[in-house]
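Chain and residue survey
Listed below, chain by chain, are the residues.
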Amino acid sequence: MRLIVVGAAGRMGRALTQTVIDTEGLELAGAIEKPGSDLIGQDAGLVAGRGEIGVAVSDDPLPLFAKADGVLDFTSPASTVVFAGLAAQARIVHVIGTTGLSAEDSRKIEAAARHAVIIRSGNMSLGVNLLAALVRQAARALDADWDIEVLEMHHRHKVDAPSGTALLLGQAAAEGRGIALADHSDRVRDGHTGARREGDIGFAVLRGGTVVGEHTVAFAGPNEMIELTHRAFDRGIFARGAVKAAQWGKGQKPGLYSMADVLGI
């Protein structure tokens, strides 16, 4: 399977490139960076810390998309929307790990999914997606006497909050409860807030250091608490999940899928 990595110079881009190079049956069909990058023209294998592979970093996605089977995308919302449109034109698999997408961005991606196989997740880790399934099951089993809180921590450079993973877990909890997350989401607590509103799903955000990602969903009931936690120690887990998603997506009908579809959960 011939795969393109967009945002190839970033932390996730390099991890994705390494994983594609290291995975049997895959070929790096291209590496894309934004125009003006100092890495344009350099060998993508060397940029990713591997040996030279003969694939130069480019700022022109069109000819690469036309010859590829899929694209791995952990970039920015604006870029992801553009790449979704290109994937739809080329009828290829588009794996989206980008977070911070707006409702309008999501509508454009859904439109592109009429012609492309798009697999989107706030977190491509297999473990996180299994955690989401457990959160959904626990929220369904525990009544409103149990308060739900989502706590997340990431490195100091992360630009969106709550993280896409925290929102994924919050959505799973809301689905388990049979409620709309948008109507029961408590993201800001400052000053005299009053008592906690029953049924809300709370979010707490920590930033600092080089933490790859830590997420805990706490179910706090009368005199007892259950915590479900996932800790990421290496970005390679997200890259491996994205590659698994791309391989699963090849041969699927156009549509918008999630990692739950990939895992069959």
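These numbers were taken from a predicted model, which means no experiment stands behind them. (Residues numbered from 1 in each chain as written. Predicted model: local features only at pLDDT ≥ 70, side-chain atom pairs only at ≥ 80, totals over all residues. Heavy atoms only, no water.)

It is worth spelling out a nonpolar patch on the surface at this point. Taken together, the side chains of L130, L134 and I265 define a hydrophobic patch exposed on the protein surface, amounting to about 270 Å² of accessible area. Mapped onto the elements of the fold, I265 is located in the segment after α9 (259-263). Residue I265 is classed as partly exposed on the basis of its relative accessible area, which comes to 49%. (Patch = residues over 30% accessible without salt bridge, like charges linked within 9 Å, V, L, I, M, F, W, Y side chains within 5 Å. Areas by Shrake-Rupley, 256 points an atom, 1.4 Å probe, with all protein chains shown as cover. Salt bridge = Lys/Arg side-chain N within 4 Å of Asp/Glu carboxyl O. Helix = DSSP H or I, 4+ residues; strand = E, 2+ residues; numbered from the N terminus. Buried < 20%, exposed > 50% of the residue type's maximum accessible area, 1.4 Å probe, protein only.)

We now examine the nonpolar core. In terms of nonpolar packing, the biggest core is built from 35 residues, with L16, V20, L72, V95 and I119 touching the most fellow members. Where this core is concerned, the elements lending two or more residues are β1 (2-6), α1 (11-22), β2 (27-32), α2 (44-47), β5 (93-96), β6 (117-120), α8 (236-249) and α9. It is α8 that contributes the most residues to this core, six residues altogether. Once you skip the residues sitting within four places of it in the chain, I119 turns out to touch V93, H94, V95, I96, M124, A245, W248, G249, Y257, S258, M259 and V262. (Core = buried A, V, L, I, M, F, W, Y, C linked by side-chain atoms within 4.5 Å. Contact = heavy atoms within 4.5 Å.)

So, on to the pattern of salt bridges. Summed over all chains, the structure comprises twelve salt bridges. As a salt-bridge pair, D147 and R196 come within 3.4 Å of each other at their nearest N and O atoms. With a gap of 49 residues between them, D147 in strand β7 (residues 147-154) and R196 in the loop between β8 (185-186) and β9 (201-207) connect regions that are remote in the sequence. In this structure D147 comes out as partly exposed when scored by relative accessible area, which is 26%. In this structure, the salt-bridge partner of R207 is E152, at a minimum N-O distance of 2.7 Å. Of this pair, R207 sits in strand β9 while E152 is found in strand β7, placing the two residues 55 residues apart along the sequence. By relative accessible area, which is 28% here, R207 ends up partly exposed. Take E152: its relative accessible area is 1%, and that puts it in the buried class.

Side-chain alternation along β5 places V93 and V95 on one buried face and H94 and I96 on a second face that is also buried. Two elements, strand β4 (residues 70-73) and β5, share four bridges in a ladder whose sense is parallel. Of the residues in β5, the one forming a bridge with D73 is I96. Chirality of the crossover, the property in question, places the unit of β4, helix α4 (residues 77-90) and β5 among those that are right-handed. In the sheet, β5 pairs with β6 via four bridges, with the strands oriented parallel. Residue pairing in the sheet places I96 in a bridge with R120 of β6. A crossover links β5 with its parallel partner β6, the connecting element being helix α5 (residues 103-112), and its sense is right-handed. (Pairing = 2+ DSSP bridges. Right-handed = clockwise from strand over helix to strand, strands pointing away.)

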